[in-house]
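# Coordinate analysis (summary)
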Amino acid sequence: MKTYNWRPFLERWSADWLDSPGARGRGDVAETVLRDRWLGFPAAGEDRIGELEERLGVTLPPTYRSFLATTDGWQAAGTAVGRVGAAEGVHWYGDPDGLQALHEGALDEHASEEEVLRAGMWGRALRLSAAPDGVEVLLDPGDPDANGEWAAYLHRGGAGGERPERHGSFMELMQALFREFHRAHADTPGFANETTRELDADVEEARLACRDGEDIDGALELLTEADECGRPRARGLRVQLEAMLNGGGGGGARLGGGGGFGVGASPASCGVGRLDDPLYARELLPLAALEHLRTGRAGLADGADRTDQAGRAGHDEAEFLRSSDGPDHDGDDRKQALALLREIDERTFRYEAPGSFGDAVASAREQARWGDTDGAWRTVAAAVTGWEPYGEDHIAPVGLLADPLLGPVITPERGRYLLETPRGGAGGGRGTAGGGGEREAARVRADGLGWLAEDTGPSAPDAYRFVLVHGVAPQELAERIGRGPLLAPCDASEAGQAIRIGSCGDGAGGGGASGDASGNGDGGEGRGTDAGRWSFAFESGRNGVEPPTSEALSRGTESVTVWCERGGRSAAFPGIFHFSYAEDGERVYGFTVRDGEIEEWGAVPDALDPGHLFPDAGPGWDEGAPDDSDDSSNRGAEGSWALDPDDEYESLDAIAEVFGVSLPRFAIRHGRLHAVAPS
C-alpha cells in the first residue's frame, strides 16, 4: 500500500495545538494527549481497514486509507470539525436533508458537467464525521481523479449552511483544516510555534525576493501559504503581488469592468487599515476602492429604481468604510475614505508617488491621456528602479493600478515586468536606471491603421470614423470640432457616441502626399521625419448621421478622414468606405465606396486608387450582373455590399503608408482618452 507523510504532518499539528495558549488548561484534554503530544489514536491496522471496506463495499481512496493506517481518527484539534475519519463512525451519508434534489433542481440547461457532478454528490457520499453544529466531512466516490482519490467536501451548517468546500482529496482537506486552525489562532497573544516561525521566515524571504525582482512566482506561493495560515504580514504583501500580476486592465470602470485582484483587495483584506499609514491610504485603499466598485455594484441593474440605487450605494459606502481591525472608519477618516471612493468612481483619482518615480508618473499620465499609452508605459518602466516604498512591507506601486489613465496601461505582462525589476533600493539583478524603458522601447512599433480591420470579434464595432489632423494639438482639434467642452477621459464603452481625442505621435516617413496632388506620393516635402505630430478624433459605431467633411479641420494644415461601415445583408446597411484628404480648408482628393459603387474626386495617388483597393467595386455596379470574383459572399441580398475585410485592411494600410500615420490601438481599445460630446 502506498503511504503518505501523515505522521510528520499530524505530529506538527499536535505540537502546534498543544503549545497554543489555553490548550493545556482545557479539562477535556486527555492525559495521554499531553503525555504523548499526539491528537490521534492507534493505527487502524490492515485487518480493520479491510473490514471497513467490506462493510462499505468499496476500496477506500489512497490518502484516507493511508490516514487510517497512521491513526484511527483525529480529534478536533482547534477546528469546528469533531473527531474525523475513525473507521467505526464511517458510513454512507444517505442525504438525510434532501440536498441532492435541492441542488439538482437549481441547475439549468447551461449547467456544466462539473456542476452536475457536484449536485449529485449528496446521494452517494461517504460521511467521515459530523460535529454537533452540523459540520461534516464527506468523500465522493463518484468524483475520482487519476490516482483514485475521491473529492472531499467540508460541509458546514446542514441543509441551510454554506456551499460545501471541495478539495481534491482527503489529505488536501486535512491540510486545509490545519490552515484553518492557524488562521483561527493567528491573532491570539502568545500563539507562536515552529510552524508560525517557518511561515514568518517565508514571508520575509518572499518580501526580499519581490524587492529584488527574483522568483516572483515562488514568492507568491510562499505568501499564499502564509496568508492562508493567517500570518499578519502575508495578506498585504500578497494583495500587492497578485494585483500587479493581474494588471489594471479594468482601469477603474464603473459598475464592474472585469479583472479583479486575486484575493479581493477589500479594505478588510489589505491588513493595515489605518488612514495615517501612507501604504494603506495611498496605495492599498485606492486599490480596494476600485475592487469594491467592481464587485459590490456589479449586480446593480442599469434600470433599477432610483431609490434602490441610492440605498445600494449607501450600503456599499458603509461596507467600504469598515476597517480591517474591527471598528469602522469615522470622523476625518470617514470623510477621507469616502472622498477617495468617489474619486475612483468618478475617475478623477490621480496616483501620486514620492521622488523621481512620482515625477515620471505625472509625465506618463499626460502621455496616456492623449493616447500615447506605449510612451506612458516606457516612462513608468524606465523610472521604476527609482521607486521609493512607504515602508518595508511596500513592495510595488499598486496604487498605480487604480489610476483611471495609467491603470489600463499596466497589463499583466507589464505588471510582472515591474515586479521583476529590482526597485526600492534593491541592488543587483538586471535593473539599471532606464533599463526597463530602453528594453521596452526596442519592442515598440507603430500600430498603423490596419488593426481596425483586424478587430472583427463579437465585441468590436462594425463601424468607425476618424479624422487625422497634422501639426495640431489634441486640445486645438477638440476646439475645431466645436461640439462642446472637453470631457473627462473615458474608455470605449463609457464614450458612447462621444468623439475621443488624442495624439498619434510623430509622423513616420511614408512618402510625401502633402502638397503633391500629382498622385505620385513621393514628391512632397511637408512630412518625413521632421513633420511633427498628428492628432486624431475617433468614434466607434454607427449613429445614422454622415460625418461632416474635414475641410474645416484642415485650416492652415492638412487632414485625413476615414469613415467605414462594414455593411451587412440588408440594403439598409450597405458597406461604406470613405476616404478624404484636405488642405487648408479645401478638399483635395478622395473616394467613397458605397454599396459596391465608387465615387472618386481629385487626383488620387496611385497607392490609394480605389479601383485597386476595392477590385470588386466599380462605377455603376449592377446588382444583377454575374459575379466573376472567386468569393461572392460579400454581396448580400437586395443589392447590399458588405466590405471585404481584406479590402478594408489594404486601404487602411495604404493610407497609413502614404501619410505616415498611425492610430494607437491600445489607447483606443483599452485606454482612456478625452472626448467631446456630439452635437
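What counts and what doesn't
Residues numbered from 1 in each chain as written. Predicted model: local features only at pLDDT ≥ 70, side-chain atom pairs only at ≥ 80, totals over all residues. Heavy atoms only, no water. Helix = DSSP H or I, 4+ residues; strand = E, 2+ residues; numbered from the N terminus. Buried < 20%, exposed > 50% of the residue type's maximum accessible area, 1.4 Å probe, protein only. Contact = heavy atoms within 4.5 Å. Areas by Shrake-Rupley, 256 points an atom, 1.4 Å probe, with all protein chains shown as cover. Pairing = 2+ DSSP bridges. Axes fitted to C-alpha atoms, helices over the stretch in contact; angles between N-to-C directions. Parallel < 35°, antiparallel > 145°, perpendicular 65-115°, else oblique. Left-handed = near helix turned anticlockwise from the far one by under 90°. Nonpolar A, V, L, I, M, F, W, Y, C, P; charged D, E, K, R; others polar. Phe/Tyr/Trp six-rings, centres within 6.5 Å; stacked < 30°, edge-to-face > 60°. Lys NZ or Arg CZ within 6 Å of the ring centre and 35° of its normal. Polar contact = N/O pair within 3.5 Å; in protein donor to acceptor, adjacent residues only side chain to side chain. Expected span 1.5 Å × (residues − 1). pLDDT = per-residue confidence, 0-100. Core = buried A, V, L, I, M, F, W, Y, C linked by side-chain atoms within 4.5 Å. Salt bridge = Lys/Arg side-chain N within 4 Å of Asp/Glu carboxyl O. Patch = residues over 30% accessible without salt bridge, like charges linked within 9 Å, V, L, I, M, F, W, Y side chains within 5 Å. Lys, Arg positive; Asp, Glu negative; His and termini not counted. Charge placed at Lys NZ, Arg CZ, Asp CG, Glu CD.

Within the protein, the regular secondary structure consists of 23 helices and 14 strands. Taking all 679 residues of the protein together, 51% fall into the buried category. Sequence-distant contacts in the protein: of pairs separated by 6 or more residues, those separated by 24 or more amount to 67%. Counting only carbon and sulfur atoms, one obtains 46% of the accessible surface of the protein, whose full area is about 29,800 Å².

Moving on: the pairing of strand 11 (residues 576–583). By the criterion of burial, strand 11 is predominantly enclosed, with seven of the eight residues buried. In the sheet, strand 10 (residues 558–565) pairs with strand 11 via eight bridges, with the strands oriented antiparallel. Following the sheet pairing, cysteine 564 is matched in strand 11 by phenylalanine 577. Sheet analysis places strand 11 next to strand 12 (residues 586–594), joined by eight bridges and oriented antiparallel. Counterpart to serine 580 in the pairing with strand 12 is glycine 590.

Interhelical geometry of helix 8 (residues 194–212) versus helix 9 (residues 216–228) gives an angle of 150° and a closest axis separation of 9 Å. The orientation of helix 8 with respect to helix 9, classified from their angle, is roughly antiparallel. When you trace helix 8 past helix 9, the crossing you get is left-handed. Here helix 8 contributes Leu199, Asp202, Val203, Glu205, Ala206, Ala209 and Cys210 to the contact with helix 9, which in turn contributes Ile216, Ala219, Leu222, Leu223, Glu225 and Ala226. When its residues are assigned to classes, the contact of helix 8 with helix 9 shows 10 nonpolar, no polar and three charged.

Right, let's talk about the packing of aromatic side chains for a bit. Enumeration over the complete set of coordinates arrives at 26 aromatic pairs. Arranged with centres 6.3 Å apart and planes meeting at 20°, the rings of phenylalanine 577 and phenylalanine 591 form a pair that is stacked. Of this pair, phenylalanine 577 sits in strand 11 while phenylalanine 591 sits in strand 12; the two residues are 14 residues apart in sequence, bridging distant segments of the chain. An aromatic cluster is defined as three or more aromatic residues linked by ring pairs; in this entry it consists of Trp6, Phe9, Trp13, Trp38, Tyr64, Phe67, Trp74, Phe170, Phe178, Phe181 and Phe191. Positioned above the aromatic ring of phenylalanine 666, the side-chain terminus of arginine 414 is 5.6 Å from the ring centre. Between arginine 587 and the ring centre of tryptophan 601, over which it is positioned, the NZ or CZ distance is 4.1 Å.

Here we take up the side chain of arginine 672. Counting through the fold element by element, arginine 672 comes out in the loop between helix 23 (665–669) and strand 14 (673–676). For arginine 672, the side chain forms a polar contact with the main-chain oxygen of proline 404, separated by 3.3 Å. Of the polar contacts made by the side chain of arginine 672, one reaches the side chain of glutamate 494; its length is 2.7 Å.

Attention now moves to helix 9. Because an α-helix completes one turn every 3.6 residues, residues spaced three or four positions apart along the sequence face the same direction. In this model helix 9 runs 18 Å from its N-terminal to its C-terminal C-alpha over 13 residues, within 8% of the 18 Å that 1.5 Å per residue would give. Along helix 9, the residues classified as buried are Ile216, Gly218, Ala219, Leu220, Leu223, Thr224, Ala226 and Asp227. Check the buried side of helix 9 and you find it contacts helix 7 (170–185), helix 8, helix 10 (234–246) and helix 16 (412–419).

What follows is about unusual backbone geometry. In this structure, arginine 37 is a non-glycine residue whose phi angle is positive, near 50°. Although it is not a glycine, aspartate 95 sits at a positive phi angle of roughly 50°. Within the element layout of this structure, aspartate 95 appears in the loop between strand 1 (91–92) and helix 5 (99–105).

Turning our attention to the confidence of the model for the protein. Confidence along the protein averages 81 in pLDDT terms, with 75% of residues attaining 70 or more. Below a pLDDT of 50 lies the segment residues 250–268, which in the model reaches 63 contacts outside its immediate sequence neighbourhood of four places, other chains included. Low confidence marks residues 620–640, where pLDDT is under 50. Its contacts with residues over four positions away, or in another chain, come to 34 contacts.

The next thing to look at is the nonpolar core. Counting 63 residues, the largest nonpolar core has Leu241, Met244, Ile344, Tyr351, Phe357 and Ile410 as the members making the most contacts within it. For this core, the elements supplying multiple residues, two or more each, are helix 8, helix 9, helix 10, helix 11 (278–296), helix 13 (331–346), helix 14 (355–369), helix 15 (373–383) and helix 16. Per-element accounting of this core gives the leading share, 10 residues, to helix 11. Counting 42 residues, the second largest nonpolar core, distinct from the first, contains Ala23, Ala87, Leu128 and Ala152.

On the secondary structure map, serine 554 appears in the loop between strand 9 (533–540) and strand 10. Look at serine 554 and you get buried, because its relative accessible area is 0%.

Orientation of helix 9 relative to helix 10, taken along the N-to-C sense of each, is 140°, at an axis distance of 9 Å. With respect to each other, helix 9 and helix 10 are oriented oblique. Where helix 9 crosses over helix 10, the two elements pack in a sense that is left-handed. Each of Ile216, Ala219, Leu220, Leu223, Thr224, Ala226, Asp227 and Glu228 in helix 9 lies in contact with helix 10, whose residues at this interface are Ala234, Arg235, Leu237, Arg238, Leu241, Glu242 and Leu245. Of the residues belonging to the contact of helix 9 with helix 10, the class tally is nine nonpolar, one polar and five charged.

A few words now on the pattern of salt bridges. Scanning all chains against the criterion turns up 36 salt bridges. Salt-bridge contacts for arginine 166 lead to aspartate 143; the nearest nitrogen and oxygen are separated by 2.9 Å. Separated by 23 residues along the polypeptide, arginine 166 in strand 5 (residues 165–167) and aspartate 143 in strand 3 (residues 136–144) bring together distant segments of the chain. Using a relative accessible area of 33% as the deciding quantity, one classes arginine 166 as partly exposed. Put simply, arginine 672 and glutamate 494 hold a salt bridge, and the shortest N to O gap is 2.7 Å. Linking arginine 672 in the loop between helix 23 and strand 14 with glutamate 494 in helix 20 (residues 492–495), this pair joins segments that are 178 residues apart in sequence.

This part is about a negative patch on the surface. Taken together, the side chains of Glu205, Glu214, Asp215 and Glu221 present a region of like negative charge at the surface. Position of glutamate 214 relative to the elements: it lies in the loop between helix 8 and helix 9.

Right, let's talk about the environment of proline 610 for a bit. Structurally, the position occupied by proline 610 is in helix 21 (residues 610–613). Note: C-alpha distance between proline 610 and glutamate 599 (11 residues apart in sequence) is 9.1 Å.

What follows concerns the environment of glutamate 551. Checked against the element boundaries, glutamate 551 lands in the loop between strand 9 and strand 10. Its relative accessible area of 13% is what places glutamate 551 among the buried residues. It is 7.2 Å that separates the C-alpha atoms of glutamate 551 and aspartate 584, two residues lying 33 residues apart in sequence. Beyond its immediate stretch of four places on either side in the chain, glutamate 551 contacts Ala582, Gly585, Glu586 and Arg587.

A separate point is the environment of tyrosine 417. Looking at the element boundaries, tyrosine 417 is found in helix 16. Here tyrosine 417 falls in the buried class, since its relative accessible area comes to 8%. The spatial distance from the C-alpha of tyrosine 417 to the C-alpha of methionine 244 is 9.3 Å, given a sequence separation of 173 residues.

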